Amino acid sequence: MIRLEHILTPARSLVNVPGGSKKRVLEQIAKVIARDLPDLDPQAIFESFVAREKLGSTGFGNGIAIPHCRMSGCASPLSAVLHLDAPVDFDAIDGAPVDLLFVLLVPEAATDEHLELLRQIASMLDREDVRERLRQASTSEALYQTVVDIQSGQ
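Criteria and thresholds
- Residues numbered from 1 in each chain as written.
- Predicted model: local features only at pLDDT ≥ 70, side-chain atom pairs only at ≥ 80, totals over all residues.
- Heavy atoms only, no water.
- UniProt positions renumbered as here; feature names shortened; annotations may be inferred.
- Helix = DSSP H or I, 4+ residues; strand = E, 2+ residues; numbered from the N terminus.
- Axes fitted to C-alpha atoms, helices over the stretch in contact; angles between N-to-C directions.
- Parallel < 35°, antiparallel > 145°, perpendicular 65-115°, else oblique.
- Left-handed = near helix turned anticlockwise from the far one by under 90°.
- Contact = heavy atoms within 4.5 Å.
- Nonpolar A, V, L, I, M, F, W, Y, C, P; charged D, E, K, R; others polar.
- Salt bridge = Lys/Arg side-chain N within 4 Å of Asp/Glu carboxyl O.
- Buried < 20%, exposed > 50% of the residue type's maximum accessible area, 1.4 Å probe, protein only.
- Core = buried A, V, L, I, M, F, W, Y, C linked by side-chain atoms within 4.5 Å.
- Disulfide = S-S within 2.5 Å.

Describing the UniProt feature "domain: PTS EIIA type-2" (unreviewed entry) in the protein chain
Phase 1 of the analysis: When the UniProt feature table is mapped to this numbering, "domain: PTS EIIA type-2" (unreviewed entry) covers residues 6-150.
Phase 2 of the analysis: Helix makes up 45% of residues 6-150 and strand 24%, whereas the separation of the span's terminal C-alpha atoms amounts to 13 Å.

This is the structure:
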């Protein structure tokens, strides 16, 4: 079974990311991911996230969003986590603005794997103590390490 810490890296764990708007955040995410997938165009990644958001917001509640999409040209699942410098309106189900984003990009054919990763992320973020720990991480390294610790039950 694939685990979150295997598809997340310290370079894709970012704190104090400038927010501004939902669109601007999705653009930032696309650029972060494109650094690790040189064959993929950041604009194409951005458009995939926007298309997914049009189906319904990935704003999950409690200041959390889980933007995700399938992407041709993506060979294996890839994740990023961003803590924004200020919350943005993400059309979340509870109406609360979002400051913590877990991103998931999966190959076009991935289905069970994709759903399992989303389930892992959602159940982890369902806990208030976990959200607090993630928000308190002050560096990219600390944010990444927090995810790894939480995943291994620490």
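Digging into the packing of helix α2 (residues 22-36) against helix α3 (residues 42-55)
Phase 1 of the analysis: The geometry of α2 relative to α3 is characterised by a closest axis approach of 8 Å and an angle of 135° between their N-to-C directions. Our classification of the angle between α2 and α3 gives oblique. Between α2 and α3 the crossing geometry is right-handed. Mapping the contact onto sequence places K22, K23, L26, E27, I29, A30, K31, I33 and A34 in α2 and P42, I45, F46, F49, V50 and E53 in α3.
Phase 2 of the analysis: Of the residues that constitute the contact of α2 with α3, the class distribution is 10 nonpolar, no polar and five charged.

With respect to the pattern of salt bridges
If charged atoms from side chains of opposite charge come close, those side chains can pair.
Phase 1 of the analysis: Summed over the entire model, instances satisfying the criterion amount to eight salt bridges.
Phase 2 of the analysis: D36 is the salt-bridge partner of R12, the closest N and O atoms lying 2.4 Å from each other. Placement of R12 in the loop between α1 (4-7) and β1 (13-17) and of D36 in helix α2 is noted, with a sequence separation of 24 residues between them.
Phase 3 of the analysis: The partner of K23 in a salt bridge is E27, and the shortest N-O contact between them spans 3.6 Å. With a gap of four residues between them, K23 and E27 both fall in helix α2, about one helical turn apart.
Phase 4 of the analysis: Judged by its relative accessible area of 28%, E27 falls in the partly exposed class.
Phase 5 of the analysis: Here the salt bridges share partners, and the residues they tie into one network are K22, E53 and D91.

Some points on the nonpolar core
Phase 1 of the analysis: Among the nonpolar cores identified, the biggest contains 29 residues, and I29, I33, I45, F49, L82, L101 and L105 are the most heavily contacted of them.
Phase 2 of the analysis: At the level of secondary structure, the elements contributing two or more residues to this core comprise β1, α2, α3, β4 (68-71), β5 (78-88) and β6 (98-107).
Phase 3 of the analysis: Looking at which element gives the most residues to this core, the answer is α2, with seven residues.
Phase 4 of the analysis: With near-sequence residues (within four places) excluded, L82 lies in contact with L14, V17, I29, D99, L100, L101 and V103.
Phase 5 of the analysis: Of all hydrophobic cores here, the second largest spans 26 residues; its members include V15, V81, A110 and I150.

Focus: the environment of P18
Phase 1 of the analysis: In this fold, P18 is placed in the loop between β1 and α2.
Phase 2 of the analysis: Assessed through its relative accessible area of 36%, P18 is described here as partly exposed.
Phase 3 of the analysis: It is 31 Å that separates the C-alpha atoms of P18 and A110, two residues lying 92 residues apart in sequence.
Phase 4 of the analysis: With residues near it in sequence (within four places) discarded, P18 still touches R24, Q28 and D85.

Observations regarding the state of the cysteines
Phase 1 of the analysis: Evaluation of the coordinates by the stated rule reveals zero disulfides.
Phase 2 of the analysis: Free of any disulfide, C69 has its nearest neighbouring cysteine sulfur in C74, separated by 8.2 Å.
Phase 3 of the analysis: Using a relative accessible area of 5% as the deciding quantity, one classes C69 as buried.

Regarding unusual backbone geometry
Most peptide bonds are trans, and most residues other than glycine sit at a negative phi.
Phase 1 of the analysis: Its identity as a non-glycine residue notwithstanding, N16 has a phi of 55°, on the positive side.
Phase 2 of the analysis: Within the chain, N62 stands out as a residue other than glycine whose phi angle is a positive 60°.
Phase 3 of the analysis: Here N62 is to be found in the loop between β2 (59-61) and β3 (64-65).
Phase 4 of the analysis: Judged by relative accessible area, which is 42%, N62 ranks as partly exposed.

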